[in-house]
Each structure stands twice: as structure tokens, then as C-alpha cells.
Amino acid sequence: MGNNSAKRIVQFELLRILAMCGVVLNHVFNNGLLIYDDFSIDASTPLGFILWSLLELLKLIALPSVNCYILITGYFLIENTQLRWKGIWKVWSETWFYAVGLYLLSVCLCIKSFSWHELSGYATPILSNIYWFVTSYLILIVLAPFIARAMKNATKRQYQVVLAVGAVVCFQPFLGQFLMDSQNIILFVYLFLIGGYIRRYCHAKGHAHISPFLIYLGIIICMYAYTLYKNIDAGDSPYTVYAMAYHGLVLPLSVALFLWVKDWNIRSGIVKQGIYVLSPLSFAVYIVHSHPVVSELLWSFAGDWLRSVHELALPICVLAVTIIVYFVCVAIDSVRATIVKRLYSIRSSANS
């Protein structure tokens, strides 16, 4: 979608912001707290159990973030049968700018030693796959018009059959547990189709027999109960913060969240304006903070700090790091966007 707020649906723009905050929050858990290594919480006391529960719920709430980004893409591109060169260029140019620019900046600041081999990797971020999400996302954008054409004349029943087959292939309890280890693009295509189905057939509010919020809440409770069972089954009082696969229960959770947000009614003009300002800058948050050089420095510093604070302060500190990283990256991209806008303005004036 473009920058014209009249063409943008505010609740989906808000979902982009929340999704990117969720991506950062996931990285705080994964790379800051190192939940996949030796992080655990002593849950033998009521206070320790509450602390573990808060951290586990934060992690679970953050998990649908990537899926929601793709659902939004499917929602808006399912009717577009033309290749979106402008969208591809925007994603590619931002990614290239930060991949190369941040590396060269780190060289200038003597954080990294210059290497032609490293520079070539950063100059071809899609081929080197330094950003797995961007690589898969660009592939999806290229495939999008072909998917849209394939589904253009599909009836509702035919579309439902496609989604049912996709569920068997992608959903973890079915064939997904065998086919989806690293096949992100297959899941992205399926999420794209779900977003497209919602666009076509779920128009009015209250279209579902059960409130999407209740479904969302029910899945969160089930996921929490499962992680609690996993810890109890392990037999140790130190509890681990568990994550789940994007194609597991996170998949229906993402759809429920998307449907819930779709029906939000945001009326405040100030809130809308803030959303319209932040949303176009949010994609860069991923590119900046996930840059290998930035990521190494960021999580080395933030991780040391998080491990030094008192355990009871961890939920607040985790959220604080998430918010700080998000807004610092937004501020950085705001500068880039302003410079690019002025350069285009100067060029337009020179050509007129």
C-alpha cells in the first residue's frame, strides 16, 4: 500500500506496527534472554510461577507476528494480478541500503575489519540470505500475481478446498510436521491464500459464529497449558520459556488475531495519524536490528543487561528493550525516508 492514508486501512496499519514489535519481542527472548540455551525460571514458589507465566505469555503473544505480516499481504494482493515492481523495489532498496550501509558504517567505526568477501555478501542480501524473512517475502511478492490469477475465478467452495489441502500440507499436526522444517515459502503462500480468502468472503463484522477474540484467547490458553505441561513433565522446578512453530498452533492463533484486528474501529484522529506515520517505517525495524553486525552488538549489550536485572523486573525490562529497539530503528529510518523524499523533490524540481 502507498503512503496515501486514504488508501490505507488503519487497523491493518496498526497490526503491522504490533507485528513488528512482536518480531523484536521474539528476538529479545531468543537472542537477549537466550531461551533456547540455559535460560530458566525457578517456578517452585508462587512468585516464581507467576513470573514464568508472564514471560511465557509474552512469548506466546509475540509468536504470530511474522504470520500476520503475510496475512496482511494476502489480504491486499489477492485481487492484484500484476507484478508490483514498486513494492519489490521498495523492499529490495531498503534492504540493500541498510545491509551495505550498516556494514560500511561498522568498518568506519572500527567495529569490523573491511573484507571484500563480507561486502559482497551484504551487497547481495537476497542471495546470501542474511535476512531470511526478506528473502522469503520477496519470493512471495513475485509469486503473488500468479497466485492471484490462479484463484481469480475460483468459487468459494473451490477456495475452501484449496485451503483444506493447504492445511493438511502446512499444519504441524498433519503433514506439516514432515514437510515444513525450513520451507517458509510454502507456509507464506498458504498464509497469503488465507488472507485472500478473508478479503473475499469475510466482509462484515460479526461474520464468524464465535468471536475471533474468544478463539484467540482460547488458543493462547491451550498453548500456555501445553507449555506448562511440558515443564511439569520435565520434572524440574526451573521452568523453561517455550516457543512453538509458526505452522503449529501459532497458525490458527495468527488467523484469529487477524480477524479480531480486522473488526477494530479506531476513531481517534491523533491515534490514526500516529499509526500512519509509524507503519511505513516499521519494515526497516526488522532490517536494521537484524543486521548481523547490529544484532551481535545489540544482543551482547541487551543480553548482559537483561541477565543482570532482578528476575522480578524481567517482564518489564523485556518490554522496555522491545519498545526502545523499535523506536530507535523507526527514528533511523525516518531520517533515511526524509533524505530520500528530499532527493526526489530536488530531482523533480530539476526536471520540471
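One can find the structure itself at the top, above this paragraph.
Values in this document were obtained by computation on a predicted structure and should not be read as measured data. (Residues numbered from 1 in each chain as written. Predicted model: local features only at pLDDT ≥ 70, side-chain atom pairs only at ≥ 80, totals over all residues. Heavy atoms only, no water.)

(A) Representation of the overall build of the protein chain. Broken down by element type, the protein chain carries 15 helices and 2 strands. Relative to its length of 352 residues, the protein chain is compact, with a C-alpha radius of gyration of 21 Å against a globular reference of 20 Å. Across its three principal axes, the protein chain shows a C-alpha extent of roughly 70 × 60 × 45 Å. Across the 352 residues of the protein chain, 47% fall into the buried class. Long-range contacts, defined as pairs at least 24 residues apart, comprise 81% of the intrachain contacts of the protein chain with a sequence gap of at least 6. Accessible area of the protein chain: about 18000 Å², with a carbon and sulfur share of 66%. Between the averaged position of the 24 positive side-chain charges in the protein chain and that of its 16 negative side-chain charges there is a distance of 22 Å. (Helix = DSSP H or I, 4+ residues; strand = E, 2+ residues; numbered from the N terminus. Rg over C-alpha atoms; globule rule 2.2 N^0.38 Å. Buried < 20%, exposed > 50% of the residue type's maximum accessible area, 1.4 Å probe, protein only. Contact = heavy atoms within 4.5 Å. Areas by Shrake-Rupley, 256 points an atom, 1.4 Å probe, with all protein chains shown as cover. Lys, Arg positive; Asp, Glu negative; His and termini not counted. Charge placed at Lys NZ, Arg CZ, Asp CG, Glu CD.)

(B) Layout of the nonpolar core. By size, the foremost hydrophobic cluster in this structure holds 112 residues, and its most contacted members are Phe 29, Leu 55 and Phe 133. Examining the composition of this core, we find that 12 residues originate from one element, helix α1 (residues 10-32), more than from any other. (Core = buried A, V, L, I, M, F, W, Y, C linked by side-chain atoms within 4.5 Å.)

(C) A nonpolar patch on the surface, seen in detail. A cluster of nonpolar side chains, Ile 210, Phe 213, Leu 214, Ile 215, Leu 217 and Ile 221, forms an exposed patch at the surface whose accessible area comes to about 520 Å². Take Ile 221: it is sitting in helix α11 (residues 212-234). (Patch = residues over 30% accessible without salt bridge, like charges linked within 9 Å, V, L, I, M, F, W, Y side chains within 5 Å. Salt bridge = Lys/Arg side-chain N within 4 Å of Asp/Glu carboxyl O.)

(D) Quick peek at the packing of aromatic side chains. Inspection of every chain in the model, using the stated rule, returns 31 aromatic pairs. Here Phe 114 and Trp 116 contribute two aromatic rings whose centre-to-centre distance is 5.0 Å and whose plane-to-plane angle is 85°, an arrangement assigned as edge-to-face. On the basis of relative accessible area, Phe 114 is assigned to the partly exposed category, the value being 39%. Ring geometry for Phe 133 and Phe 283: centres 6.3 Å apart, planes at 45°, overall tilted. Of the two residues, Phe 133 is situated in helix α7 (residues 132-151) and Phe 283 in helix α13 (residues 269-289); the sequence distance between them amounts to 150 residues. Residue Phe 283 is classed as buried on the basis of its relative accessible area, which comes to 9%. Within the aromatic cluster, the residues linked to one another by ring pairs are Tyr 69, Tyr 131, Trp 132, Phe 133, Tyr 137, Phe 188, Phe 283 and Tyr 286. (Phe/Tyr/Trp six-rings, centres within 6.5 Å; stacked < 30°, edge-to-face > 60°.)

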